[in-house]
Amino acid sequence: MTDHAINAPTRGRTLRSLVYDPKVRSLFFQIVTVVITAFFIIEIYHNVTTNLAQSNTASGYAFLGSRAGFDIGQSLIAYSSDSTYGRAIIVGLLNTLLIAACGIVTATIIGFVVGLGRLSKNWLIAKLCTVYVEVFRNIPPLLVIFFWYSGVLSTLPQPRDAIQAPFNIFLSNRGLTFPKPIWGEGSGLMVIGFVAAVLLSIAVSQWAKRRQMATGQQFPSGWTALGLIIGLPLIGFLAAGSPLTFDIPVEGRFNLSGGAVIAPEFVALYLALSFYTAAFIAEIIRAGIGGVAKGQSEASAALGLQPSQATRLVVVPQAMRIIIPPLTSQYLNLTKNSSLGIAIGFPDLVSTGGTTLNQTGQAVEVVAIWLVVYLTISITTSLFMNWFNAKMALVER
């Protein structure tokens, strides 16, 4: 028998062992995936460059320094039609962050209250909260936005017949008009006082936690923090000589003049996203609290804690480790859903970027800005919530 005939079975076994080796197969499929991905990227790049060349469209971000030529209804920073496209996109980004921050805070508060309401022993409260959750969870968010904008805010009276509330506040279909604060010299002391109050509140909270762990005695850190956050800026305000005046809105024959205005587009988007997302957060809260063993509540009652104390000190802290991960997803959804504000004319990042795209034709660059910005916001939010989740995790003793 020849050497070739003897070595053939050995080579076959070696080949089969390589085929069924998990490490080899894993490496093979990774290489295939990389090659396919690189092929698609090269093809996309080739198609984009070819189309840009055929349409005589210049690529690059030099257009961001050109004059925008369009106005924006709501801006947190100074902006006019003479500003650049880059500044217009920054205005849209700030509006997106504003609506996301306000919506997250409001949706969390409403969702927490409704979630607790669904667990209430009061039949009426539990059923009302259930109806709220089932209604808003089964309606598209865009429809909720149209409901608030066209069904509620557009039915308000004209500015000349605006509803007047106390403190010179007016409500009309043009939005909410209120006295505009004008800060004078020395107002920086209030900012310093506020920052100092926040830092002191964190220090007091940490000290109170260590004290409770050591002695079992509670310290009213919440009320203390509230007193510091209100008191120190107030002291700075008085020390600076009350550097604050107001631009009071005045009723005219056909319109209101003066003051500050919150546009109806912002109000409609803010309310829609808050109430819509709160329905999902309520279910997360309910599931998180339901995931805590019933024996924890019974043990709390045996120790003499009131139901409210047991919920605040025992049940909710344990439920947070269940609540935070899905809560992160809802925060991300709310931020991304803010792009639906373009349907009612809210000048967010997508709206200002869309106008820039239409005027300059720089589609690839504008879409790339959208992708990078939303990806950055999402990753930043996820990192913060992961850090917070780690802080809230139960520590074994």
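Just above sits the structure.
Here is a short report on the structure shown in this document. All values reported here derive from a predicted model rather than from experimental measurement.

Applying the stated criterion across every chain yields a total of 16 aromatic pairs. Measuring from ring centre to ring centre gives 5.9 Å for phenylalanine 39 and phenylalanine 40, while their planes differ by 70°; the resulting arrangement is edge-to-face. Following the ring pairs from residue to residue traces out a cluster consisting of Tyr61, Phe63, Phe70, Tyr79 and Tyr85.

Below, the discussion takes up helix 10 (residues 307-337). When the terminal C-alpha atoms of helix 10 are compared, their 37 Å separation across 31 residues is substantially less than the 45 Å that a helix rising 1.5 Å per residue should span. Along helix 10, the largest kink reaches about 45° and is centred on methionine 320.

Looking now at the environment of tryptophan 207. By the secondary structure assignment, tryptophan 207 is in helix 6 (residues 188-215). Among the residues examined, tryptophan 207 registers a relative accessible area of 40% and is labelled partly exposed. Taking the C-alpha atoms as reference, tryptophan 207 lies 52 Å from proline 159; in sequence the two are 48 residues apart.

Turning to the layout of surface pockets, a few remarks are in order. Space inside the second largest pocket adds up to approximately 620 Å³. Every residue lining the second largest pocket is counted, 18 residues in all, and those nearest its centre are Leu119, Lys121, Ser297, Pro307 and Thr311. Those elements that provide at least two residues to the lining of the second largest pocket are helix 9 (294-302) and helix 10. The biggest single contributor to the lining of the second largest pocket is helix 9, with 5 residues. Residues that form the lining of the second largest pocket fall into these classes: 10 nonpolar, 5 polar and 3 charged.

As a further point, take the pattern of salt bridges. Under the criterion given, the structure shown has 4 salt bridges. Measuring nitrogen to oxygen at the nearest pair gives 3.2 Å for the salt bridge that ties glutamate 134 to arginine 137. With glutamate 134 and arginine 137 both in helix 4 (residues 123-137) and 3 residues apart, the pair spans about one turn of that helix. Among the residues examined, arginine 137 registers a relative accessible area of 32% and is labelled partly exposed. Three or more residues are tied together by salt bridges with common partners; here these are Arg118, Glu283 and Arg286.

Rules and cut-offs
Residues numbered from 1 in each chain as written. Predicted model: local features only at pLDDT ≥ 70, side-chain atom pairs only at ≥ 80, totals over all residues. Heavy atoms only, no water. Phe/Tyr/Trp six-rings, centres within 6.5 Å; stacked < 30°, edge-to-face > 60°. Helix = DSSP H or I, 4+ residues; strand = E, 2+ residues; numbered from the N terminus. Expected span 1.5 Å × (residues − 1). Bend = angle between axes of the 7 residues up to and from the residue. Buried < 20%, exposed > 50% of the residue type's maximum accessible area, 1.4 Å probe, protein only. 1 Å grid on protein atoms, 1.4 Å probe; cavity = no way out; pocket = protein on both sides within 12 Å on 5 of 7 lines; lining within 4 Å. Points joined across faces, edges and corners; volume = space filled by probe spheres on them. Nonpolar A, V, L, I, M, F, W, Y, C, P; charged D, E, K, R; others polar. Salt bridge = Lys/Arg side-chain N within 4 Å of Asp/Glu carboxyl O.

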